[in-house]
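# Remarks on the overall topology
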Amino acid sequence: MRRDQTVRRSLEELDCRRGWGHRKMTGHADRARAPTLSGIMEGIVLREGDLRQKKTHRQQAAEPLEEQPSIIATRRLHVPDEYMRVEMSHDHTALRSGQQPETTKCFARLRAVCYIAARERHGVTPDETIRHRLAVATRHLQAGENGTAARECESILEAHPEQPEALGMLGVLRGMAGDAEAARELLLRANELRPGSPRLLNSLAMACMETGDLPAAERWLRGCLKRVPGFAPAWYTLALTKEQQRDLHAAVSCYERTLALDPGFADAWSNLAQIRERLNQLQLAGEAAGRALALDPANVVARLTAAQVDGRLGRHQSARERLESMIEDGTLGTTNEAIVRSRLADSLDALDLPDEAFAQYAAANRIQARTAEAAYQIDAGPYSLDAVRRLATAIDRLADHAVGTPEPETEGPFFLLGFPRSGTTLLDRMLSAHPAVESIEEQETLADAQRDFVLAHGGLDRLRHITEAVRSGYVDAYRRRVADAGAGRSPVVLDKLPLHSIFLPVISAVFPDARVIFVIRDPRDVCLSCFMQRFELNTAMAHFLDLELTAEYYVAVMELALDSLDRLPIRHLRVRYEDLVTDPAPNLRDLIGFMGLDWDPAVLDYRSRIEGSKIDTPSYRQVSRPLYRSSIGRWRRYEEQLEPIRETLAPLVSRLGYD
């Protein structure tokens, strides 16, 4: 994974992959935290006779100086010059006064000074020379001089290639620089030379996590915790791993173990708050965010989550004030600024300040567009405008070779399609409340067919002449992907990914027995909502950073989808978002019957299943609310801002009956 890659979710989520001495969020938080760095190499400690100091800098700083087994407290040393005496006196004073963040830096300086003093008075052994140089490297690292620290470690390794502490520190520095592969190799070698160090194993797990090898990360962490069950940093890293695996309930459990061992761990509180909010546990989320802010008032994750909770509980002015203060601080990085401005826009929209809200949405999108310009090529891949237009030209030819209307009693895959922000997530939650329905949310179950029929040269011609034997191979591949997604136990598996609407011509040819539920919403509301929404950026979602490009993409996709439904033998049922919101019961009865199931009133009580559940789409906040009509005709409040796309959308507004 690239260091700046976002998690595969919406940008409103805070990326919890924190490590290597910095807080890293979907791109969140530009603040440093180094819980694993100061103590990763247990050998970087001073000897005082047989006394070995192995405490982390944070633990040292929490104790009174006279209670610490430091060199100052245990041996009188000859200090070689007045400058060093002054420096030691300054550091001693800082330590006694508890100044932060100077305290941790003091220890590194004191150690280096003491080594120089020992060398002056007693001479020095090779081991002591290495320890001194490692102490110097640590001092540079803690001062933020990572390049100098890395060069010091490299210099040590030139003379002593098997020096485990230098390998370990250099591995951490490589990870901080974004080279996770190099970090992993260095830390693996360090672990071979000094096996079993909890801090080393923890950093090795971080390196594996950064390279995307989550099973390996978990193995190292389990081994570490088997050896030292009370090692809080390993529980924290395991929580991060579980978040990347999207096992949010397991992540919550790991954060709780972390905090039971270390109640003062602000980052663990803030991450726990974020997950609680994702799980719609708003009271618990607010409490956890409050604990984090009490420990660390500048914690970006906690501040964002607290604002999010305020907004979801209707405290929009409070959310606005929190978010404006974050912008005024002037300390946000570009990605964080985009997220904060977008959330501020949500608050302004809720406060009925459309001009101010739209300005903030536009500013957030401009920031994202700058940072994503090189990473996302919107003119390539199966979701590109080029692919959409090529599929649109093939509908007539595919219609000529269609296999005919499927038999009513046959059962094929069930697809829930539409355009993003049309209400597909709401309908998915409703239908999934039926005991005979399970849902696959936004999984690439059609990847094999996309590759061979959409991307490959001549693929659409092969699709026209597809044989039963070839078709069955793609059906088997689809079933394997459904099983890999953990579904297939219920009579109906609802495959919901809105932009699979693009592949309706492929679905028609490969799955002639498929049933498609297609959601429609006022095009003006859809495009406005897409422009306002924070998506995980990819080829498709990158279109939504510009309002006019949003409208162009919407028209191309929807015309392709509607033409496919009209002209290809696809068994489908259309549902209007507005009807679903205003009168859900009759619409849901029709849909349940379309899927061949008996009516169950549980679909009307879908919200009872939402609290504590994970919803892997940006709409998780909206669908957790009671049904509301304020989103119908929302575009009218932004009519002036939508004027540039009015003519582009006009044909579809008319075609869909929203004149």
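Residues numbered from 1 in each chain as written. Predicted model: local features only at pLDDT ≥ 70, side-chain atom pairs only at ≥ 80, totals over all residues. Heavy atoms only, no water.

## Re the overall build of the protein
This is how the line gets drawn: Secondary structure elements follow DSSP: runs of H or I no shorter than four residues count as helices, runs of E no shorter than two count as strands, and numbering proceeds from the N terminus. Burial classes: relative accessible area under 20% of the type maximum marks a residue as buried, over 50% as exposed, and values in between as partly exposed (1.4 Å probe, protein chains only). Any two residues whose heavy atoms approach within 4.5 Å at even a single point are treated as in contact.
Helices and strands together make up the secondary structure of the protein, namely 31 helices and seven strands. Here the protein holds 659 residues, and the buried ones make up 57% of them. In the protein, the proportion of contacts linking residues at least 24 apart, taken out of those at least 6 apart, comes to 71%.

## With respect to the sheet that holds strand β3 (residues 414–417)
Under the convention used in this document: A pair of strands is considered paired only if DSSP assigns at least 2 bridges between the two. Here, axes are lines fitted to C-alpha atoms. For helices the fit covers the stretch in contact, and angles between N-to-C directions go from 0 to 180 degrees.
If you walk across this open sheet you meet the five strands as β4-β5-β3-β6-β7, and the pairing is parallel. The open sheet terminates on both sides in strands that have one partner only, identified here as β4 (437–441) and β7 (571–576). Across the sheet, the mean angle separating the axes of adjacent strands is 25 degrees when strand polarity is ignored. The pairing of β3 with strand β5 (residues 492–496) spans three bridges and is parallel. Each residue of the ladder has a partner; that of Phe-415, found in β5, is Asp-495. Set on the sheet, helix α29 (residues 584–594) makes contact with β6 (515–520) and β7; between it and β7 the angle comes to about 165 degrees.

## A short note on the packing of helix α27 (residues 547–567) against helix α31 (residues 646–655)
As a reminder of what qualifies: Relative orientations are named as follows: roughly parallel for angles under 35 degrees, roughly antiparallel for angles over 145 degrees, roughly perpendicular for angles from 65 to 115 degrees, and oblique for any other angle. Crossings are assigned a handedness: left-handed for a near helix turned anticlockwise from the far helix by less than a right angle, right-handed for a clockwise turn. Ten residues, namely Ala, Val, Leu, Ile, Met, Phe, Trp, Tyr, Cys and Pro, are considered nonpolar, four, namely Asp, Glu, Lys and Arg, are considered charged, and the remaining ones, Gly among them, are considered polar.
The N-to-C vectors of α27 and α31 enclose an angle of 30 degrees; their axes lie 9 Å apart at closest approach. Judged by the angle between their axes, α27 and α31 are roughly parallel. As for how α27 packs across α31, the hand of that crossing is left-handed. In this structure, α27 uses Ala-551, Glu-552, Tyr-554, Val-555, Met-558, Glu-559, Leu-562, Asp-563 and Asp-566 to contact α31, whose residues at the interface are Thr-648, Leu-649, Leu-652 and Arg-655. Class assignment of the residues belonging to the contact of α27 with α31 gives a composition of seven nonpolar, one polar and five charged.

## With respect to the pattern of salt bridges
Filter applied, for reference: Note on definitions: salt bridges are taken to be side-chain nitrogens of Lys or Arg within 4 Å of carboxyl oxygens of Asp or Glu.
Inspection of the entire model under this criterion finds 39 salt bridges. Linking Glu-152 and Arg-133 is a salt bridge whose minimum nitrogen-to-oxygen distance equals 3.0 Å. In this pair, Glu-152 is assigned in helix α6 (residues 146–159) and Arg-133 in helix α5 (residues 126–142), connecting sequence segments 19 residues apart. Of the charged contacts, one joins Glu-438 and Arg-489 as a salt bridge, the two residues approaching to 3.5 Å between their closest N and O atoms. Of the two residues, Glu-438 is situated in strand β4 and Arg-489 in the loop between α24 (468–484) and β5; the sequence distance between them amounts to 51 residues. The class of Arg-489 is exposed, set by a relative accessible area of 67%. Salt bridges sharing common partners tie together Asp-349, Asp-352, Arg-634 and Arg-637.

## As for the packing of aromatic side chains
The line we're drawing: Only centres within 6.5 Å qualify two rings of Phe, Tyr or Trp (six-membered ring in Trp) as a pair; their planes then separate them into stacked at under 30 degrees, edge-to-face at over 60, and tilted for everything else. Geometrically, a charge over a ring is one whose NZ (Lys) or CZ (Arg) sits within 6 Å of the ring centre while staying within 35 degrees of the ring normal.
Taken as a whole, this structure holds 14 aromatic pairs when the rule is applied. Summarising the aromatic geometry, the rings of Phe-415 and Tyr-478 are spaced 5.9 Å apart at their centres and angled 55 degrees between planes, so their arrangement reads as tilted. Here Tyr-478 lies in helix α24 and Phe-415 lies in strand β3, a separation of 63 residues in the sequence. Tyr-478 shares its class with Phe-415; the two are buried. Members of the aromatic cluster, each reached through a chain of ring pairs, are Phe-419, Phe-535, Phe-544, Tyr-553 and Tyr-554. The residue whose ring lies beneath Arg-576 is Tyr-658, and the NZ or CZ to ring-centre distance is 4.6 Å. Directly above the ring of Trp-599 sits Arg-589, whose terminal nitrogen or CZ lies 4.2 Å from the centroid.

## A look at the nonpolar core
The criterion, for reference: Put simply, buried Ala, Val, Leu, Ile, Met, Phe, Trp, Tyr and Cys residues joined by side-chain atoms within 4.5 Å make one nonpolar core.
Ranked by size, the top nonpolar core spans 89 residues in total, and within it Phe-419, Leu-499, Ile-502, Tyr-553 and Tyr-554 carry the most contacts. With residues near it in sequence (within four places) discarded, Tyr-554 still touches Phe-419, Arg-521, Pro-523, Val-526, Cys-527, Leu-649, Leu-652 and Leu-656. Of all hydrophobic cores here, the second largest spans 36 residues; its members include Met-209, Leu-248, Cys-254 and Ala-306.

## Thoughts on the packing of helix α14 (residues 282–295) against helix α15 (residues 300–312)
In contact at an axis separation of 9 Å, α14 and α15 are set at 145 degrees when each is read in the N-to-C sense. Both α14 and α15 take part in a crossing whose hand is left-handed. Between α14 and α15, the residues in contact are Leu-282, Ala-285, Gly-286, Ala-289, Ala-292 and Leu-293 and Ala-302, Arg-303, Ala-306, Val-309 and Arg-312, respectively. Split into classes, the residues belonging to the contact of α14 with α15 amount to eight nonpolar, one polar and two charged.

## Side note on the side chain of Arg-421
The topology assignment puts Arg-421 in the loop between β3 and α21 (424–432). Judged by its relative accessible area of 13%, Arg-421 is buried.

## Quick look at the confidence of the model for the protein
The predicted coordinates ought not to be read in detail in places where the model reports low pLDDT. Selection rule: Per-residue confidence from the prediction method is given by pLDDT, with values spanning 0 to 100.
Residues of the protein with pLDDT of at least 70 account for 75%, and the chain-wide mean is 81. Segment residues 1–18: pLDDT under 50, and 84 contacts once partners within four positions in sequence are set aside and those in other chains are kept. Per-residue pLDDT stays below 50 along residues 21–105; that stretch engages in 185 contacts with residues further than four places along the chain or on separate chains.

## A closer look at the pairing of β6
Of all the six residues making up β6, six are buried; the element is thus mostly covered by neighbouring parts of the structure. Here β6 shows no split at all, with Arg-515, Ile-517 and Val-519 on one side and Val-516, Phe-518 and Ile-520 on the other all buried. Bridge count for β3 against β6 is four bridges, and the pairing is parallel. Residue Leu-416 lies in a different strand from β6, and its bridge partner there is Ile-517.

## As for α29
The cut-off we apply is this: The directions from the helix axis to the C-beta atoms are what the arc is built from.
Of the residues making up α29, those classed as buried are Pro-584, Asn-587, Leu-588, Leu-591, Ile-592 and Phe-594. Buried residues along α29 cover an arc of 155 degrees about the axis, so they all sit on one side. Buried residues belonging to α29 abut α21, β6, β7 and α28 (577–582).

## Description of unusual backbone geometry
Positioned with a positive phi, Asp-352 is a non-glycine residue whose angle comes to about 60 degrees. The backbone of Arg-421 shows a phi angle near 70 degrees, a positive value even though the residue is not glycine.

## Description of the environment of Leu-313
Turning to its location among the elements, Leu-313 is positioned in the loop between α15 and α16 (316–329). Given a relative accessible area of 43%, Leu-313 falls into the partly exposed group. Separated by 30 residues in the primary sequence, Leu-313 and Gln-283 place their C-alpha atoms 9.5 Å from one another.

## Section: the state of the cysteines
By definition, a disulfide links the sulfur atoms of two cysteine residues through a covalent bond. Condition: The term disulfide is used for any two cysteine sulfur atoms that are within 2.5 Å.
In this structure the tally under the stated criterion is zero disulfides. Here Cys-530 stays free of any disulfide, with the sulfur of Cys-527 as its closest cysteine sulfur at 6.4 Å.

## Looking at the environment of Val-555
Locating Val-555 in the fold gives a position in helix α27. Between the C-alpha atoms of Val-555 and Thr-648, which are 93 residues apart in sequence, the distance is 7.7 Å. Discounting residues that sit within four places of it in the chain, Val-555 has contacts with Thr-648, Leu-649 and Leu-652.

## As for α14
Just so we agree on the cut-off: Expected span, for any helix, means 1.5 Å times one less than how many residues it has.
The end-to-end C-alpha distance of α14, which contains 14 residues, comes to 20 Å, matching closely the 20 Å that a straight helix rising 1.5 Å per residue would cover. Within α14, the full set of buried residues consists of Leu-282, Ala-285, Ala-288, Ala-289, Ala-292 and Leu-293. Looking down the long axis of α14, one finds its buried residues gathered within 135 degrees of arc, a one-sided arrangement. Turned more than 90 degrees away from the buried face of α14, the exposed residues are Gln-283 and Ala-294.

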